[in-house]
Amino acid sequence: MSQTIPLSWYLAISALMFAMGTLGVLIRRNPLIIFMSIELMLNAANLAFVAFARSFGVPTGQIFVFFVMTVSAAEVAVGLALIIIIFRNKHSIDVDLMNSLKG
Amino acid sequence: MNLTLILFVVLAAVAATSAVGLLVSRNTVYAALFLILNFATVAVFYLLLGAPFIALAQVTIYAGAIMVLFLFVIMLLGSERLPKGQVLPWQRPMAIVLAAVLLVEAVFLLFQRLQLTATLANPEASVNTTAALQDLAKMLFNQYLLPFEVTSVLLLVAMVGVIVLTKKEKGEPG
């Protein structure tokens, strides 16, 4: 069914999404949006994983995507907890205000 | 032009547009909704690539659990909008240039290694979806059993860590 679509197209989409995620991390100052951009980059990597898994005909890539999803779920939980603590201490979550190591 | 090709082009356009929407939307809730759209598009890509289990996991874990958590925190903090204004005036143009360089590098390297003509090697491999799913499950629970169990411990550690982090100390205000 999908033999008409070259692998490189999927990789191009993946690279585009990864670059968008990097741009989001660099230009936005809301830590929640920065975090979402990181999720976008993880998704781009996952897409490349599945495309390569399909290309080589082995399911190992899909297993790694499964692990990446689990780890990113844990990462999101901890990251959002940290953002909540920063908000509790500073009453704002602007990343420009996060300039001291000690609260 | 066949149906798969049209579907791919439309999905690619939606994925790119929703990624741009995530970058430019001022309201954080809209950004989260754009990201959910992007995740759904990627899930359909997974279906096109013959990975139905990963596609469903994408919808339930990413678009379901993780983004609900994001929306919950956005509304909990009331941080739908942040005041405008850049501290560093050259930050945005510099970031755009750097991201463009990254994109060109990535596409160049990938295409140089794979050639433009590289296609999906064995298109008939996972036509039998049930057999592919069985292969995946066998691999996950035999060869990758230890990593699988370690991720469950990782989730437990994350859960305990979040509870400890957000717990208020005794006598701490607010």
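Nothing here was measured: the structure is a model prediction, and the numbers come from that model.

Peer 1: Any details on the overall build of chain A? Residues and values, ideally.
Peer 2: Within chain A, the secondary structure is distributed over three helices and zero strands. The order of α-helices and β-strands along chain A, N terminus first, is α-α-α. Rg of the C-alpha trace for chain A: 17 Å, well past the compact-globule value of 13 Å for 103 residues, more than 25% over. With respect to the principal axes defined by its C-alpha atoms, chain A has extents near 55 × 25 × 20 Å. Taken across its 103 residues, chain A has 51% of its residues classed as buried. The contacts in chain A between residues at least 6 apart in sequence include a share of 40% that link residues at least 24 apart.

Peer 1: Could you give an account of the overall build of chain B, naming the residues involved and the relevant values?
Peer 2: The secondary structure content of chain B amounts to six helices and zero strands. Starting at the N terminus and walking to the C terminus, you meet the elements of chain B as α-α-α-α-α-α. Residues classed as buried in chain B amount to 21% of the 174 residues present. Considering only contacts in chain B between residues 6 or more positions apart, those separated by 24 or more positions represent 50%.

Peer 1: Explain the confidence of the model for chain B to me, and be specific about the residues and the numbers.
Peer 2: Where the model shows low pLDDT, its predicted coordinates should not be examined in detail. Per-residue confidence for chain B averages 84 on the pLDDT scale, and 83% of its residues sit at or above 70. The complex prediction reports pTM at 0.88, with the ipTM value standing at 0.90.

Peer 1: Which residues make up the interface of chain B and chain A, and what values go with them?
Peer 2: At the interface, 75 residues of chain B touch 63 residues of chain A. Considering each element in turn, the side of chain B that touches chain A owes the most residues, 13 residues, to helix H4 (residues 91–114) of chain B. In terms of residue class, the side of chain B that touches chain A is built from 61 nonpolar, twelve polar and two charged.

Peer 1: Can you explain the environment of A:Ser92? Please cite residues and give values.
Peer 2: One can find A:Ser92 in the segment after helix H3 (60–90). Residues A:Ser92 and A:Asn30, spaced 62 residues apart in sequence, show a C-alpha to C-alpha distance of 10.0 Å.

Peer 1: Run through the packing of H3(A) against helix H3 (residues 52–77) of chain B, naming residues and quoting values.
Peer 2: As a packed pair, H3(A) and H3(B) sit with axes 11 Å apart at the nearest point and diverge in direction by 5°. By the criterion of interaxial angle, the relationship of H3(A) to H3(B) is roughly parallel. Contacts between H3(A) and H3(B) involve A:Gln62, A:Val65, A:Phe66, A:Met69, A:Ala73, A:Val76, A:Ala77, A:Leu80, A:Ile83, A:Ile84 and A:Phe87 from the first element and B:Phe53, B:Ile54, B:Ala57, B:Ile61, B:Tyr62, B:Ala65, B:Ile66, B:Leu69, B:Val73 and B:Leu77 from the second. Of the residues in the contact of H3(A) with H3(B), the class split is 20 nonpolar, one polar and no charged.

Peer 1: Describe the nonpolar core, and please don't skip the residues or the numbers.
Peer 2: Among the nonpolar cores identified, the biggest contains 59 residues, and A:Met36, A:Leu47, A:Val50, A:Ala51, B:Leu35 and B:Tyr46 are the most heavily contacted of them. Only helix H1 (7–27), helix H2 (31–56) and H3 of chain A together with helix H1 (3–24), helix H2 (28–48), H3 and H4 of chain B provide two or more residues apiece to this core. Among the elements that take part in this core, H2(A) stands out by supplying 13 residues, more than any other. A:Leu47 has contacts with A:Tyr10, A:Ile13, A:Ser14, B:Val42 and B:Phe45, leaving out every residue within four places of it along the chain.

Rules used in this analysis
Residues numbered from 1 in each chain as written. Chains lettered and ligands numbered in written order. Predicted model: local features only at pLDDT ≥ 70, side-chain atom pairs only at ≥ 80, totals over all residues. Helix = DSSP H or I, 4+ residues; strand = E, 2+ residues; numbered from the N terminus. Rg over C-alpha atoms; globule rule 2.2 N^0.38 Å. Buried ≥ 20, exposed ≤ 12 C-beta atoms within 10 Å, placed from the backbone. Contact = placed C-beta atoms within 7 Å. pLDDT = per-residue confidence, 0-100. Nonpolar A, V, L, I, M, F, W, Y, C, P; charged D, E, K, R; others polar. Axes fitted to C-alpha atoms, helices over the stretch in contact; angles between N-to-C directions. Parallel < 35°, antiparallel > 145°, perpendicular 65-115°, else oblique. Core = buried A, V, L, I, M, F, W, Y, C linked by C-beta atoms within 7 Å.

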